Amino acid sequence: EAQVTQNPRYLITVTGKKLTVTCSQNMNHEYMSWYRQDPGLGLRQIYYSMNVEVTDKGDVPEGYKVSRKEKRNFPLILESPSPNQTSLYFCASSLADGYTFGSGTRLTVV
Amino acid sequence: SQQGEEDPQALSIQEGENATMNCSYKTSINNLQWYRQNSGRGLVHLILIRSNEREKHSGRLRVTLDTSKKSSSLLITASRAADTASYFCATVRSNQGGKLIFGQGTELSVKP
């Protein structure tokens, strides 16, 4: 089944403790992206990648890192999480038209 | 920054009625897409309409695009309780590759 898999689905962590949210797609898509969704602010793009080893900042990249060492994986790294990064995160991939989204990761930073 | 503005923000209808949601955007686009999101879950791609298309159908969905007014509408016919969800329009700008920019969404509630 074609899908984007994110892990974990839920995560509660403490301020400053590094974490990684994994994202993997099995559709051989070149384009991958991370979004965060917050009430009243909608979905905002954090980072995106046009292909392996090619990443670029989205609208809200501060406090996040990504890597794209292989086509299928696009992890989101929070080196020193802060409470304002509490959010619902989505990974998505696309070949040409239409995105496929993961199920989301609900992150709480206390 | 958000590209699209959906209207209305919330819509409540009875099962069997039609639901119409509108979306406006600000810049030139390659295509416009509609997504559905059930509460707290991932977004599901519904339909894509290209800038050179005016209308598109998929099952009970009908999408129109008016590039002169920079607006689109999503019509769901004969709605069902299972259609209850948030609906988002998203645009791909002409000069920004595949970047998808979302509107704030319309919350649709279909009462049985």
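All values reported here derive from a predicted model rather than from experimental measurement. The numbering scheme is per chain: residues are counted from 1 as the chain's sequence reads. For naming, the first written chain is A and the first written ligand is 1, with later ones following in the order written. Local features in this predicted model are restricted to residues of pLDDT 70 or higher, and side-chain atom pairs are both shown and tallied only at a pLDDT of 80 or more, whereas totals for entire chains, interfaces and linings draw on every residue. Water and hydrogen atoms were dropped before computing side-chain values, which therefore reflect all heavy atoms in the structure.

Chemist: Give a description of the pairing of strand β5 (residues 42-51) of chain A that names residues and reports values.
Modeler: Residue and element names in this part refer to chain A. In terms of burial, β5 is a largely internal element, seven of the 10 residues being buried. Paired strands, as defined in this entry, are two strands with at least two bridges between them according to DSSP. The numbering of helices and of strands both runs from the N terminus, where a helix is a DSSP run of H or I of at least 4 residues and a strand a run of E of at least 2. Strand direction decides the pairing type here: strand β4 (residues 31-38) and β5, joined by seven bridges, are antiparallel. In the sheet register, aspartate 38 faces β5, and the bridge partner there is glycine 42. Counting the residues between successive antiparallel strands, the hairpin from β4 to β5 contains three residues, one of them, glycine 40, with a positive phi of roughly 80°. Note: β5 against strand β6 (residues 54-57), four bridges, orientation antiparallel. Note that in β6 the partner of tyrosine 47 across the bridge is lysine 57. Hairpin connection between β5 and β6: a loop of two residues separates the two successive antiparallel strands, and glutamate 53 in this loop has a positive phi of roughly 65°. Only protein chains enter the area calculation, which uses a 1.4 Å probe; residues under 20% of their type maximum are buried, those over 50% are exposed, and those in between are partly exposed.

Chemist: Break down the packing of aromatic side chains for me, citing the residues and quoting the values.
Modeler: Residues and elements named next belong to chain A. Each Phe, Tyr or Trp ring (for Trp, its six-membered ring) is paired with any other whose centre lies within 6.5 Å, and the angle between the two planes then decides the class: stacked below 30 degrees, edge-to-face above 60, tilted in between. Enumeration over the complete set of coordinates arrives at 11 aromatic pairs over all chains. Aromatic pair tyrosine 31 and tyrosine 99: ring centres 5.6 Å apart, planes at 55°, arrangement tilted. Placement of the pair is tyrosine 31 in strand β4 and tyrosine 99 in the loop between β9 (87-94) and β10 (100-101), with a sequence separation of 68 residues. For tyrosine 31, a relative accessible area of 7% translates into the label buried.

Chemist: Please set out the interface of chain B and chain A residue by residue, giving values where relevant.
Modeler: Whether two residues are in contact is decided by their heavy atoms, any of which lying within 4.5 Å being enough. With 19 residues of chain B at the contact, the number on the chain A side is 19 residues. Buried area between chain B and chain A, summed over both chains or domains, comes out near 1500 Å², and the portion from carbon and sulfur atoms is 49%. In terms of surface lost to chain A, no three residues of chain B exceed Leu43, Lys99 and Phe102 of chain B, which account for 29% of the buried area on that side. Whenever Lys or Arg places a side-chain nitrogen within 4 Å of a carboxyl oxygen from Asp or Glu, that contact is recorded as a salt bridge. Taken together, the connections running from chain B to chain A amount to zero salt bridges. As used in this structure description, the phrase polar contact means that two N or O atoms lie within 3.5 Å; if the pair is within protein, one of them must be able to donate a hydrogen and the other to accept it, and residues adjacent in sequence are counted only when both atoms belong to side chains. The interface formed by chain B and chain A contains five residue pairs in polar contact (both at pLDDT 80 or more). Across the side of chain B that touches chain A, the residue classes tally to six nonpolar, 10 polar and three charged. Computed with a 1.4 Å rolling probe, the buried area is the accessible surface lost when two parts are put together, summed over both parts. Just so you know the grouping, Ala, Val, Leu, Ile, Met, Phe, Trp, Tyr, Cys and Pro go in nonpolar, Asp, Glu, Lys and Arg go in charged, and all remaining residues, Gly too, go in polar.

Chemist: Describe the state of the cysteines, with residues and values.
Modeler: The term disulfide is used for any two cysteine sulfur atoms that are within 2.5 Å. Here the structure, examined in full by the defined rule, presents two disulfides over all chains. Bridging cysteine 23 of chain A to cysteine 91 of chain A, the disulfide has an S-S length of 1.8 Å. Handedness here is read from the sign of the S-S torsion; for cysteine 23 of chain A and cysteine 91 of chain A, about -70°, the answer is left-handed. Of the two residues, cysteine 23 of chain A sits in strand β3 (residues 19-25) while cysteine 91 of chain A sits in strand β9, which places them 68 residues apart along the sequence. As far as the burial class goes, cysteine 23 of chain A and cysteine 91 of chain A line up, both buried. The partner cysteine of cysteine 23 of chain B in its disulfide is cysteine 89 of chain B, sulfur to sulfur 2.0 Å. Of note, the bridge from cysteine 23 of chain B to cysteine 89 of chain B carries an S-S torsion of about 65° and is right-handed in sense. With cysteine 23 of chain B in strand β3 (residues 19-24) and cysteine 89 of chain B in strand β9 (residues 85-93), this pair connects stretches of sequence that are 66 residues apart. Look at cysteine 89 of chain B and you get buried, because its relative accessible area is 0%.

Chemist: Report on the confidence of the model for chain B, specifying residues and quantitative values.
Modeler: Looking at chain B as a whole, its pLDDT mean stands at 90, while 92% of the residues score no less than 70. At the low end of the mean pLDDT range in chain B sits strand β1 (residues 5-7) of chain B, at 79; at the high end sits strand β7 (residues 61-66) of chain B, at 97. On a range of 0 to 100, pLDDT expresses the predictor's confidence in each residue.

Chemist: Go over unusual backbone geometry, please, and point to the residues and values.
Modeler: The residue after asparagine 7 of chain A, namely proline 8 of chain A, is reached through a cis peptide bond having omega 0°. With an omega of 0°, the peptide bond running from aspartate 7 of chain B to proline 8 of chain B counts as cis. Note that proline 8 of chain B resides in the loop between β1 and β2 (10-14). Phi angles above zero are rare outside glycine, and glutamate 53 of chain A is one such case at about 65°. Tracing the backbone through its elements, the reader meets glutamate 53 of chain A in the loop between β5 and β6. Judged by its relative accessible area of 60%, glutamate 53 of chain A falls in the exposed class. Residues other than glycine seldom take positive phi values, yet alanine 78 of chain B does so here, at roughly 45°.

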